[in-house]
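Residue strings, one per chain:
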Amino acid sequence: MVRFENVEMRYPAGPPILTDVTFELEANSFHFLTGKSGAGKSSLLRMIYLALVPSGGRVVVFGRDTKTLSRDEIADFRRRLGIVFQDFRLIGHLSARENVALPLRIAGTREAVIRRHVPELLDWVGLGDHMDALPHTLSGGQQQRVAIARAVIARPALLLADEPTGNVDDRIAFRLLYLFEELHRAGTTILVATHNDALCDRFAHPRLHIEAGLLHRVAAPNSPADQAPTGRVVPFARDQAEA
Amino acid sequence: MARLTRSEIAISRGGSASYLGWVVGAMVYVAVLAAAGALFAHSVSDRWSLSLSGVLTVQVPDADQTAESGPAIPAPGAQPTRLAAVLEILRITPGIGHLTILDRDRARALLTPWLGADLVGQIDPPTLIDIRLMDSAAMDIGALRERLDRRVPGTVVDDHGPWLSRVAAVTQAAERGGWLIVLLVGAVATLSVVFAVLSGLSMNRDVVELLHLMGARDGYVAKRFQTFVLMAAMPAIVIAGMLAVATIIAIGAVSQPDSVGVEAAMGFGRIGGLTLLDWLAICAVPAVFAVFTLVTARLAAMVALRRLV
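Conventions and cut-offs
Residues numbered from 1 in each chain as written. Chains lettered and ligands numbered in written order. Predicted model: local features only at pLDDT ≥ 70, side-chain atom pairs only at ≥ 80, totals over all residues. Helix = DSSP H or I, 4+ residues; strand = E, 2+ residues; numbered from the N terminus. Rg over C-alpha atoms; globule rule 2.2 N^0.38 Å. Buried ≥ 20, exposed ≤ 12 C-beta atoms within 10 Å, placed from the backbone. Contact = placed C-beta atoms within 7 Å. Nonpolar A, V, L, I, M, F, W, Y, C, P; charged D, E, K, R; others polar. Arc of directions from axis to C-beta. pLDDT = per-residue confidence, 0-100. Pairing = 2+ DSSP bridges. Axes fitted to C-alpha atoms, helices over the stretch in contact; angles between N-to-C directions. Core = buried A, V, L, I, M, F, W, Y, C linked by C-beta atoms within 7 Å. Parallel < 35°, antiparallel > 145°, perpendicular 65-115°, else oblique. Left-handed = near helix turned anticlockwise from the far one by under 90°.

**Student:** Explain the overall build of chain B to me, please; I cannot follow it from the model alone.
**Tutor:** Scanning chain B for helices and strands turns up 10 helices and four strands. Of the regular secondary structure in chain B, the N- to C-terminal order runs α-β-α-β-α-α-β-α-β-α-α-α-α-α.

Structural data, given as structure tokens:
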């Protein structure tokens, strides 16, 4: 699904961020991407969603070398991705409902379908009562869930999340991860960048660890003591408590 | 349930873009008036040349004195008057259709409103012969002039050429000036649309980048800017167009009460002196502006987006 071949990344000024990175994300895998802040986690994610061109090596996504893609092909590729940004990047003057609807609208989905799916998903992430709220009236955790709902509404094949738990406490972070687990079980390939060791310990998935410009694969902990419960999870109850 | 139709792009929140409606509206108003002026100038020039081409005027001073006999023609008896001599020549000249003779009294009557009876009484106007040509091509004015001058010295043949060409030059300049204004104003309006789109793009840079990251093609983003420009400019274009038409009709109405004689002949009787076709052209100006505005917005957005990322 995603393959890096000897990828090097350096910005014009300064030392290289990534020197020689080679790895592959198989379809329907779940990985954590770890490393100190500034280690290059975001750069690596940006290369996958084609916002950054590697200075050396090849990045292959969905079987295509990203360098060979035309502008419109890049757009079409990105529709198969879901991205949860570190700072959410919700559009401030649009309601939660309209923010979540964006990827569907961009993909040209019929309004009737949008009107059905968006409230369903918002309900599922526990924001059924806040559909028409503007982002700034929502708490950090709620905004995050809007961002996640937006990332998954179009059923992406690959979900990239950049520090999705950076701004919330562990309790909510765990809930978010259960949500990702659910999507993973439904067939989505998932890559979560985080520096929260507690998450990596609790959820038994292999880690890609960046250190000193190189990437190491760390196998999943052997004893998945605390696997997510099976069956359909409703990770968030309709909440008032959190705000 | 609320419709999900709000645009991702928020340009109207301040910035120069919110003045786009005013700018485009003013431009459309000026353009429509300029177009009407150009069309009017064109129709004036048309009517003048239509009514004056194919017309000659021969002035015969001292019409009732006897003509001196030319060297070729010996004088057998009573000499004809100068007027008779002129008419004789005209009769055998090819291409002439119809003659009207305005004798001294009628010429005086014509001049009286302009100069006053006292002054007219003191002057001795020439007799005028108004000639409608049957066939302008067959008419050799130079030869006629020569012949008349030889037989009846002092006659003047006026084909209105200099006067007509001056009218034509003036109306043509007015017409060209009008269209030039339309072009200039169109260019300024186009530029203001470009700037509105560019400033909108830079104000919404984050959103545009986000839309791209979510898989939006340039066309999708450009359409958002087109919609914005349409919403900002369209009411202004319609209102300005209607105001301009009202202005033209008002100008026509003001010039109407005096429209007798020359003005009536020039066609002031119709609204504003313009034909139905002219009116269609005038109404097409705002429509063309609207289409241009949309196309410009799209092109500007597409080009700018390619440069952006």
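There is more to say after this.
**Student:** Hey, could you run me through the overall build of chain A in this one?
**Tutor:** Scanning chain A for helices and strands turns up seven helices and 10 strands. Relative to the globule expectation of 18 Å for 243 residues, the C-alpha radius of gyration of chain A, 18 Å, shows essentially globular dimensions. When the backbone C-alpha atoms are referred to their principal axes, chain A occupies close to 50 × 45 × 35 Å. Counting all 243 residues of chain A, 45% fall into the buried class.

**Student:** Whenever I open this one, the interface of chain B and chain A confuses me. Can you help?
**Tutor:** Many analyses report the size of an interface as the accessible area lost when the parts associate. With 17 residues of chain B in contact, the opposing surface of chain A contributes 23 residues. Sorting the residues of the side of chain B that touches chain A by element identifies α7 (205-213) and α8 (218-255) of chain B as the ones contributing at least two each. No other element matches α7 of chain B, which puts five residues into the side of chain B that touches chain A. Its residues placed into classes, the side of chain B that touches chain A shows 11 nonpolar, two polar and four charged.

**Student:** When you look at the environment of Asp-201 of chain A in this model, what are you seeing that I'm missing?
**Tutor:** By the secondary structure assignment, Asp-201 of chain A is in helix α7 (residues 197-202). Overall, the presence of 11 C-beta atoms within 10 Å leaves Asp-201 of chain A in the exposed class.

**Student:** Would you take a moment to explain helix α2 (residues 82-91) of chain B for this structure?
**Tutor:** Among the residues of α2 of chain B, those classed as buried are Arg-82, Leu-83, Ala-85 and Val-86 of chain B. Projected down its long axis, α2 of chain B carries its buried residues within an arc of 165°, all on one side.

**Student:** Just checking my understanding: could you explain the confidence of the model for chain A for this structure?
**Tutor:** Detailed conclusions should not be drawn from predicted coordinates in areas where pLDDT is low. Residues and elements named next belong to chain A. Per-chain confidence: chain A averages 86 in pLDDT, with 91% of residues scoring 70 or above. Looking over chain A, one finds the lowest element-wise mean pLDDT in α7, namely 83, and the highest in strand β8 (residues 189-193), namely 95. Per-residue pLDDT stays below 50 along residues 239-243; that stretch engages in six contacts with residues further than four places along the chain or on separate chains.

**Student:** Help me understand the pairing of strand β9 (residues 207-211) of chain A, please; the structure alone is not making it clear to me.
**Tutor:** Side chains on a regular strand alternate between the two faces of the sheet. All names here are of chain A. Going residue by residue along β9, you find Leu-208 and Ile-210 tucked away on one face and Arg-207, His-209 and Glu-211 left uncovered on the opposite face. Two strands pair when backbone bridges link them, and strand β3 (residues 30-34) and β9 are joined in this way by three bridges, in the parallel orientation. Looking at the pairing, Leu-33 lines up with Leu-208 of β9. Inspection of the sheet shows β9 paired to strand β10 (residues 214-218) by five bridges, in the antiparallel sense.

**Student:** Explain the sheet that holds strand β2 (residues 96-102) of chain B to me, please; I cannot follow it from the model alone.
**Tutor:** Strand-to-strand pairing in sheets goes through backbone hydrogen bonds, with the strands running parallel or antiparallel. Residue and element names in this part refer to chain B. If you trace the four strands from one edge of the open sheet to the other, you get β2-β3-β1-β4, paired in antiparallel fashion. Of all the strands in the sheet, the pair left with one neighbour each is β2 and β4 (156-158). The sheet shows a mean angle of 20° between the axes of neighbouring strands, direction not considered. Note: strand β1 (residues 55-60) against β4, three bridges, orientation antiparallel. Note on β4: the bridge partner recorded for Gln-59 is Val-156. Packed on one face of the sheet, α2 meets β1, β2 and β3 (127-133) and runs near 150° to β1.

**Student:** Explain the sheet that holds strand β5 (residues 64-65) of chain A to me, please; I cannot follow it from the model alone.
**Tutor:** Residues and elements named next belong to chain A. An order of β2-β1-β4-β5 is seen for the four strands of this open sheet, with the pairing classed as antiparallel. The strands lining the two open edges of the sheet, one partner per strand, are β2 (18-25) and β5. In terms of strand pairing, strand β1 (residues 2-9) meets strand β4 (residues 56-61) through five bridges, oriented antiparallel. Counted as the bridge partner of Glu-8 is Gly-56 from β4. Contacting β1, β2 and β4, helix α1 (residues 41-48) crosses the sheet at an angle of about 125° to β1.

**Student:** Quick question: what am I supposed to make of helix α3 (residues 96-106) of chain A here?
**Tutor:** Side chains three or four residues apart in an α-helix point the same way, a direct result of the helix having 3.6 residues per turn. Residues and elements named next belong to chain A. The element α3 is largely enclosed, with a buried count of 11 among its 11 residues. Of all the residues in α3, the buried ones are Ala-96, Arg-97, Glu-98, Asn-99, Val-100, Ala-101, Leu-102, Pro-103, Leu-104, Arg-105 and Ile-106. A positive phi of about 80° marks Gly-108, the residue just after α3.

**Student:** Would you explain unusual backbone geometry in this entry?
**Tutor:** One can expect most non-glycine residues to show negative phi and most peptide bonds to be in trans. All names here are of chain A. Here Glu-163, not a glycine, exhibits a phi torsion of approximately 50°, which is positive. Here Glu-163 lies in the loop between β7 (158-162) and α6 (170-185). Here the phi dihedral of Ala-212 falls at roughly 50°; this positive angle occurs in a residue that is not glycine. Overall, the presence of 11 C-beta atoms within 10 Å leaves Ala-212 in the exposed class.

**Student:** What is the right way to look at the nonpolar core in this model?
**Tutor:** Among soluble globular proteins, nonpolar side chains are generally buried collectively. Within the largest apolar cluster, 124 residues are counted, with the highest numbers of intra-cluster contacts made by Leu-160 of chain A together with Ala-31, Val-32, Ala-35, Val-197, Val-229 and Ala-301 of chain B. Element by element, the count of residues in this core is highest for helix α1 (residues 20-52) of chain B, at 17 residues. Here Ala-31 of chain B is in contact with Val-182, Val-185, Gly-186, Val-285 and Phe-289 of chain B, once residues within four sequence places are set aside. Counting residues in each nonpolar core, the second largest holds 14 residues, with Ala-85, Ile-131, Leu-148 and Val-152 of chain B among its members.

**Student:** Sorry, what's going on with the environment of Leu-144 of chain B here?
**Tutor:** Looking at the element boundaries, Leu-144 of chain B is found in helix α5 (residues 141-151). Taking C-alpha positions, Leu-144 of chain B is 40 Å from Gly-37 of chain B, a pair spaced 107 residues apart along the chain.

**Student:** Explain the confidence of the model for chain B here, please?
**Tutor:** Residues and elements named next belong to chain B. When pLDDT is averaged along chain B, the result is 81, and 84% of the positions lie at 70 or above. When mean pLDDT is taken per element in chain B, α7 scores highest with 92 and helix α9 (residues 262-266) scores lowest with 44. Below a pLDDT of 50 lies the segment residues 1-5, which in the model reaches seven contacts outside its immediate sequence neighbourhood of four places, other chains included. Low pLDDT, under 50, characterises residues 259-269; the predicted model gives this stretch 16 contacts beyond four residues in sequence or across chains. The complex model carries a pTM of 0.74, and its ipTM stands at 0.87.

**Student:** Would you mind showing me how to read the environment of Gly-63 of chain A here?
**Tutor:** As for its position among the elements, Gly-63 of chain A is in the loop between β4 and β5. Spatially, the C-alpha atoms of Gly-63 of chain A and Met-1 of chain A are 6.7 Å apart, while their sequence positions differ by 62 residues.

**Student:** I keep staring at the packing of α3 of chain A against helix α5 (residues 140-152) of chain A and nothing clicks. Help me out?
**Tutor:** Relative orientation and spacing of two packed helices are given, respectively, by the angle between their axes and the distance between those axes. All names here are of chain A. Where α3 meets α5, the closest approach of the two axes is 7 Å, and the angle between their N-to-C directions is 25°. Taken as axis vectors, α3 and α5 run roughly parallel relative to one another. Crossing handedness for the pair α3 and α5: right-handed. For the pair formed by α3 and α5, the contact residues are Ala-96, Asn-99, Val-100, Leu-102 and Pro-103 on the first element and Val-146, Ala-149 and Arg-150 on the second. Taken together, the residues of the contact of α3 with α5 sort by class into six nonpolar, one polar and one charged.

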